Amino acid sequence: MCGIVTAIATRNIVPVLLEGLRKLEYRGYDSAGLAVLHNGEMVRLRSAGRVAELASLADNRQLQANIGIAHTRWATHGVPSERNAHPHVSAGLAVVHNGIIENFETIKADLQAKGYVFESDTDTEAIAHLLHHKLQSGVDLFEAVRLTTNELLGAYAIGVVTEADPFRAIVARRGSPLLLGVGEDGMYAASDTAALLQVTRKVVYLEDGDLAELRLDGYKVVLADGTPVEREVHLSSLSADAVELGKYRHYMQKEIFEQPQALANTLEMIAGGGSISAQIFGVSATESLAATRRVLVLACGTSYHSALVARYWIESIAKIPCTVEIASEYRYRESVPDPETLVVVISQSGETADTLAALKHAKSLGMSKTLAICNVPESAIVREAALRFITRAGPEIGVASTKAFTTQLAALALLTLALAKQHGRLSAEDETRYLTALRHLPVAVAKVLELEPQIEQWAQKFSGKQHALFLGRGRHWPIAMEGALKLKEISYIHAESYAAGELKHGPLALVDKEMPVIAIAPADELLEKLKSNLQEVRARGGELYVFADAGSEIPESEGVHILHMPEHYGMLSPVLHVIPLQLLSYHAALVKGTDVDKPRNLAKSVTVE
Ligand code: HGA
């Protein structure tokens, strides 16, 4: 996903722009570029490769400047190439952009009719020419950006500089993230704080619709209608090194608490837009998803659990048959290939050997429609797949995956909606409803994280146990699986998960007072069935720990402990229900004193078979 850096300062800002881009590299990108005023002239450099290449281009030119914009691109409109890399220019004016302009085709056609010639396939170039056109009418740069952004539909964060007005840079946002950095020697802006810590800790978060002017001696912010507005200056406590622990005891705890931000980053593409575009999975996705007749998801471990949740979503919403298979099994069994199947591979690192091999195996069987969902953009799996979606969880250090899992779920929810839409099975009303729920997800997750103190108390009771049973039904059954996996991998307590309806077919024999039973009890259509299963446990003396949505109406009683979750969150409820299970295993492990971030016998990237 792309990133923006903008700077105006008394120092040479070229190294600042480049270092800022390096800090944004983790977001994933396919090309990079910058535009600066060097001796008053606009110089644009672009590279279809890494930021390091752009840096050496800048070095060769001995580029020096006091004002400029820079960008890492993750293509949505037009293939990754130098020609499509940002900044895009229109007669001495340069623009960088994150997001998708949904009405760019109309704007483009209009501008072409006025004589503007487009050099790229991007939606962004339309912003540059529209801005130029507005300037022709005599308004100043700031007003021209305001008028331009008011015509844009979709999501954007933009940075603008122009030769004609060398003493200010303009930035604006709606949907995509952007914040200002107030420096000692000038003003800065970037997609995230990490890019600015090199120059300042004083940051100003822009709100949707905000427009800001950056000058050497300060800045101003206005709303979309031009009304001036004050935005608070925060002192960032972020460390310059994003993977430092900060106030947390372990990476796992830090990563659990980073989930609202990780989800917001992953969902950036839909933050402002009113509709879902298949293009977020790659330039050829529209065609590929429309031609998909079946979905096969291949993954391992936690990623496999996210796939299992997605199966419920894809079949019930997109109405497309979906199978999920453990990658290490798939690669070695004789299966029946089907070229109309979309093969989805999921891996945090993108290097998981079994998943990579399964992807190659599927391709060798003639299945060329492939999609990688990964957290590491340059990884082998991403390079191997035709389509990709990069989750933006940021570096995940703890071996037990947490934020990678919830961001994978977010990616899979987007895939479900994109598939449903391509197949004409998503009404405009449902699209709006699902997208609204997705956009609200970071806030909903933050609310669940507030339950930590209560979960800590529960964890005390678990640490003395040898075994635990996790129960769930429907799309929460995979969440029970994930809860059991988390508990065993970091606290070494033996845990099993079952679809609650399976209890009486065997595992009920294990239940006694030494076997805590954890139940995931969302207030959904299966709740009454689940309640009967819980009665079966209670009748055998099993102690129940129930994560119940508000409205589940399961009374607390002797041997039945209830933790109340927020309102039922519909389709996306699994994303919320996994959070307390992550916290439960983390705190159980703390009580047991295990090495939380590096559990015995396990490695983070499973690059061996
Ligand atoms: N739509 C623009 C910018 C894409 C983007 O924000 N990627 O993360 C383009 O395709 O160039």
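Shown above is the structure to which this text applies.
Remember, it's a predicted structure, so these values are computed and weren't measured experimentally.

Parameters at a glance
- Residues numbered from 1 in each chain as written.
- Predicted model: local features only at pLDDT ≥ 70, side-chain atom pairs only at ≥ 80, totals over all residues.
- Heavy atoms only, no water.
- Pairing = 2+ DSSP bridges.
- Helix = DSSP H or I, 4+ residues; strand = E, 2+ residues; numbered from the N terminus.
- Axes fitted to C-alpha atoms, helices over the stretch in contact; angles between N-to-C directions.
- Near = heavy atom within 4 Å.
- Nonpolar A, V, L, I, M, F, W, Y, C, P; charged D, E, K, R; others polar.
- Core = buried A, V, L, I, M, F, W, Y, C linked by side-chain atoms within 4.5 Å.
- Buried < 20%, exposed > 50% of the residue type's maximum accessible area, 1.4 Å probe, protein only.
- Contact = heavy atoms within 4.5 Å.
- Phe/Tyr/Trp six-rings, centres within 6.5 Å; stacked < 30°, edge-to-face > 60°.
- Lys NZ or Arg CZ within 6 Å of the ring centre and 35° of its normal.

**So, the sheet that holds strand β17 (residues 341-347)**
In space, the five strands of this open sheet follow the order β16-β15-β17-β18-β19, with parallel pairing throughout. Every other strand in the sheet has two partners, leaving β16 (322-326) and β19 (387-390) as the edge strands with one partner each. Each adjacent strand pair in this sheet contributes to an overall mean axis angle of 20 degrees, direction not counted. The pairing of strand β15 (residues 294-299) with β17 spans six bridges and is classified as parallel. Counterpart to Val 295 in the pairing with β17 is Leu 342.

**Re the site of the ligand**
Surveying the vicinity of the ligand reveals 15 residues, the closest of which are Cys 2, Arg 73, Trp 74, His 86 and Gly 99. In the shell around the ligand, the residues fall into five nonpolar, eight polar and two charged.

**A closer look at the sheet that holds strand β22 (residues 517-521)**
As summarised here, the arrangement of the five strands in space is β21-β20-β22-β23-β24, forming an open sheet in which the pairing is parallel. What marks the edges here is a single partner per strand, and that holds for β21 (494-499) and β24 (560-565). In this sheet, adjacent strand axes meet at a mean angle of 20 degrees when their direction is disregarded. Note that β22 and strand β23 (residues 544-549) share five bridges and pair parallel. Within β23, the residue paired with Ala 519 across the bridge is Val 546.

**Overview of the nonpolar core**
Ranked by internal contacts, the top residues of the largest apolar core, which has 111 residues, are Phe 281, Leu 438 and Leu 441. In contact with Leu 441, not counting residues within four places along its chain, are Leu 263, Leu 267, Tyr 569, Leu 572, Val 575 and Leu 576. Listed in part, the 30 residues of the second largest apolar core include Leu 17, Leu 18, Leu 196 and Val 203.

**Considering helix α1 (residues 14-24)**
Along α1, the residues classified as buried are Val 14, Val 16, Leu 17, Leu 18, Gly 20, Leu 21 and Leu 24. Lining the buried residues of α1 we find β1 (3-9), β2 (31-38), α2 (51-60), β4 (67-73) and β10 (186-190).

**Quick notes on the packing of aromatic side chains**
The geometry of an aromatic ring pair comes down to the distance between the two centres and the angle between the two planes. Counted by the stated rule, this structure contains five aromatic pairs. Taking the centre distance of 5.4 Å and the plane angle of 40 degrees together, the rings of Phe 281 and Phe 389 count as tilted. On the criterion of sequence distance, the pair formed by Phe 281 in the loop between α7 (259-266) and α8 (285-290) and Phe 389 in strand β19 is long-range, its members being 108 residues apart. Note on accessibility: Phe 281 and Phe 389 belong to one class, buried. Members of the aromatic cluster, joined through ring pairs, are Trp 458, Phe 462, Tyr 545 and Phe 547. A cation sits over an aromatic face here: Arg 311 above Tyr 312, 5.5 Å from the ring centre. Above the ring of Tyr 434, the side-chain terminus of Arg 433 is found at 4.8 Å from the ring centroid.

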